[in-house]
Amino acid sequence: MQYIIDNLTGKKKIVIDGRNKYYSSDDFAVYNYAKTYIIAIINQNITEYEVPANLTGISSTSSASNVFSDCNYLKRFTVEEGNQYFTAVDGVLYNKNKTEIVAVPLAIEGEVTIPTTITKIGEVYQSTQVGGVSFSNCTQLTTIHLPEGLITIGNSAFSGCSGLTGITIPDSVTVIGRSAFWGCRGLVSVTIGESVASIENDAFKGCYKLAEVINRSNLTVEKGSENNGYVGYYAIIVNNEKSDTSIVVNINDYLFTTIDGVNYLMGYAGNERDLVLPDSYNGEQYEIYKYAFYNSDLIGVVVSDGVIGIGERAFGTCEKLMSVTVGKNVASIGDNAFNGCSRLVEVINNSSLNISKGYDKSYIGFNALVVHKGESKIVNKGGFYFITV
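Report on the accompanying structure. (Residues numbered from 1 in each chain as written. Predicted model: local features only at pLDDT ≥ 70, side-chain atom pairs only at ≥ 80, totals over all residues. Heavy atoms only, no water.)

### Let's talk about the overall build of the chain
Argument step 1. Scanning the chain for helices and strands turns up one helix and 35 strands.
Argument step 2. For the chain, the spread of C-alpha atoms along the principal axes amounts to about 75 × 60 × 30 Å.
Argument step 3. Accessible surface, the chain as shown: approximately 19,000 Å² in total, 44% of it carbon and sulfur. (Helix = DSSP H or I, 4+ residues; strand = E, 2+ residues; numbered from the N terminus. Areas by Shrake-Rupley, 256 points an atom, 1.4 Å probe, with all protein chains shown as cover.)

Right, dumping it as structure tokens:
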């Protein structure tokens, strides 16, 4: 086995001599000679990996998660027919009996259903359960269906899964581990199952949009409290009546709710990056809730005339946002609503608010090259964006 330098990328490539009796390879990985376990991944840009039929283990020296940890574009696992040790469901790799998660691809997308045979997800350090694999930082994961029979949601199980908008914890779960949903900034609603006896530190910390908690357990969950892993800290409403009825409504990927007679747009679950927000919700005006689009990939947004307010940090850290149109009925923009929008060079102001270039508490004009009325001055030419001021 030797290294050569790729002339195109300048990176090392592993080359296996055909006479080598210790190692073998394919386009993706280096294996032991019998191809029963992986030595190293040689193509970290893969989007799909098929586990070979001969493979009996992922690695002889480290966990499967570590083997694939640098494969940032890996979306799914498949398993070659004839393999007696592994299987894949919805792109996730399991042992053959589907009693353990072996590896989760970092770029997994969309909807995933966990098999009913899985009892733990995430890092678990108890006398009866040690180790575990998590979905941590799978930012393109939008929906996860957890099975009845799941007992433990371990440490960091879904931390950083910013695409999740709602989660239902099954009644069979007894423990939600430390930082289990930490930084799930898209999470709007969570239902706590009736058997949950412990929610550990920071389990829901950083879930800024977690406005609704439906509590079916015997835990005491209170609005604004750091107890129980911050689950109620950001909430507008905590339902302790053990009801399953959610007040969050999905309309064309826009998440709305009504609380105390006020309509709120809580967030967006779709994939479009240039948005024109709805004209109304149920025929009525609405406000954009705090953190609603926080740290999203938006490049442009038209805030419609149906919007009457923009909440705190609603578009904060949208680093790719270049243009925003403020509708005529917007009467308030919260503090830091556009803080961190370093490319926000154009503000089209159709409201009566006094918006100008430079600093204000909302940061809407902080990086602006132009503030005006009318049509956008930004032009897209072959994927390059130009503006004339």
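Having put the structure on the table, let's press on.
### Some points on the sheet that holds strand 29 (residues 307–310)
Argument step 1. Strand order in the open sheet formed by six strands is 23-24-25-27-29-31, and the pairing between neighbours is mixed. Strands with a single pairing partner mark the edges of an open sheet, and in this sheet they are strand 23 (249–251) and strand 31 (332–333).
Argument step 2. Here three bridges tie strand 23 to strand 24 (residues 254–259), and the two strands are oriented antiparallel to one another. Residue Ile-251 lies in a different strand from strand 24, and its bridge partner there is Tyr-254. (Pairing = 2+ DSSP bridges.)

### Looking at the pattern of salt bridges
Argument step 1. A full pass over the atoms with the stated rule returns six salt bridges.
Argument step 2. A salt bridge links Lys-320 to Asp-297, with the nearest nitrogen and oxygen atoms 3.9 Å apart. A residue pair is termed long-range when its members are at least 10 positions apart, and Lys-320 in the loop between strand 29 and strand 30 (323–326) and Asp-297 in the loop between strand 27 (286–288) and strand 28 (300–302) qualify at 23 residues.
Argument step 3. Classification of Lys-320 by relative accessible area gives partly exposed; the value is 37%.
Argument step 4. Connected through shared salt-bridge partners, Asp-171, Glu-194 and Arg-216 make up one network. (Salt bridge = Lys/Arg side-chain N within 4 Å of Asp/Glu carboxyl O. Buried < 20%, exposed > 50% of the residue type's maximum accessible area, 1.4 Å probe, protein only.)

### Observations concerning the pairing of strand 8 (residues 86–89)
Argument step 1. Note that strand 8 and strand 9 (residues 92–95) share four bridges and pair antiparallel. The residue bridging Phe-86 from the neighbouring strand is Asn-95, located in strand 9.
Argument step 2. Taking the residues that link successive antiparallel strands as the turn, the strand 8-strand 9 hairpin has two residues, and the phi of Asp-90 there is positive, at about 55°.

### Description of the nonpolar core
Argument step 1. Counting 43 residues, the largest nonpolar core has Phe-135, Phe-158, Ile-169, Ile-176 and Phe-204 as the members making the most contacts within it.
Argument step 2. Of all the secondary-structure elements, those providing two or more residues to this core are strand 9, strand 15 (141–145) and strand 19 (189–192).
Argument step 3. With residues up to four places along the chain from it excluded, the contact list for Phe-135 reads Val-92, Ile-101, Val-104, Val-112, Ile-114, Ile-121, Leu-141, Ile-144, Ala-157, Phe-158 and Cys-161.
Argument step 4. Judged by nonpolar contacts, the second largest core, of 32 residues, contains Tyr-268, Leu-275, Ile-310 and Ala-368. (Core = buried A, V, L, I, M, F, W, Y, C linked by side-chain atoms within 4.5 Å. Contact = heavy atoms within 4.5 Å.)

### Some thoughts on the pairing of strand 5 (residues 38–41)
Argument step 1. Here three bridges tie strand 4 (residues 29–32) to strand 5, and the two strands are oriented antiparallel to one another. Bridge assignment links Val-30 to a residue of strand 5, and that residue is Ala-40.
Argument step 2. Counted along the chain from strand 4 to the antiparallel partner strand 5, the turn is five residues long, and its residue Lys-35 has a positive phi close to 60°.

### Quick word on the sheet that holds strand 22 (residues 237–239)
Argument step 1. Reading across from one edge, 17-19-21-22 is the order of the four strands in this open sheet, with parallel pairing throughout. Taken across any chain shown, the strands that pair with only one partner, and hence form the sheet edges, are strand 17 (166–168) and strand 22. Between one strand axis and the next, the sheet turns through 10° on average, direction left out of account.
Argument step 2. As paired elements, strand 19 and strand 21 (residues 212–215) share four bridges and run parallel to each other. Paired with Ile-192 across the bridge in strand 21 is Asn-215. (Axes fitted to C-alpha atoms, helices over the stretch in contact; angles between N-to-C directions.)

### Describing unusual backbone geometry
Residues apart from glycine generally show negative phi values, whereas peptide bonds are mostly found in trans.
Argument step 1. Positive phi values are uncommon outside glycine, yet Tyr-230 reaches one of about 70°.
Argument step 2. We classify Tyr-230 as buried; its relative accessible area is 12%.
Argument step 3. With a phi close to 60°, Asn-336 is a non-glycine residue in the positive phi region.
Argument step 4. In this fold, Asn-336 is placed in the loop between strand 31 and strand 32 (346–349).
Argument step 5. Residue classification places Asn-336 among the buried residues on the basis of a relative accessible area of 19%.

### Remarks on the environment of Cys-207
Argument step 1. Tracing the backbone through its elements, the reader meets Cys-207 in the loop between strand 20 (198–199) and strand 21.
Argument step 2. According to the relative accessible area criterion, Cys-207 is buried, its value standing at 0%.
Argument step 3. Expressed as a C-alpha distance, the spacing of Cys-207 and Thr-191, which sit 16 residues apart in the sequence, is 14 Å.
Argument step 4. Look past the residues within four positions of Cys-207 in its chain and what remains in contact with it is Phe-181, Gly-183, Cys-184, Leu-187 and Tyr-234.

Read these as spatial facts, not as claims about activity.
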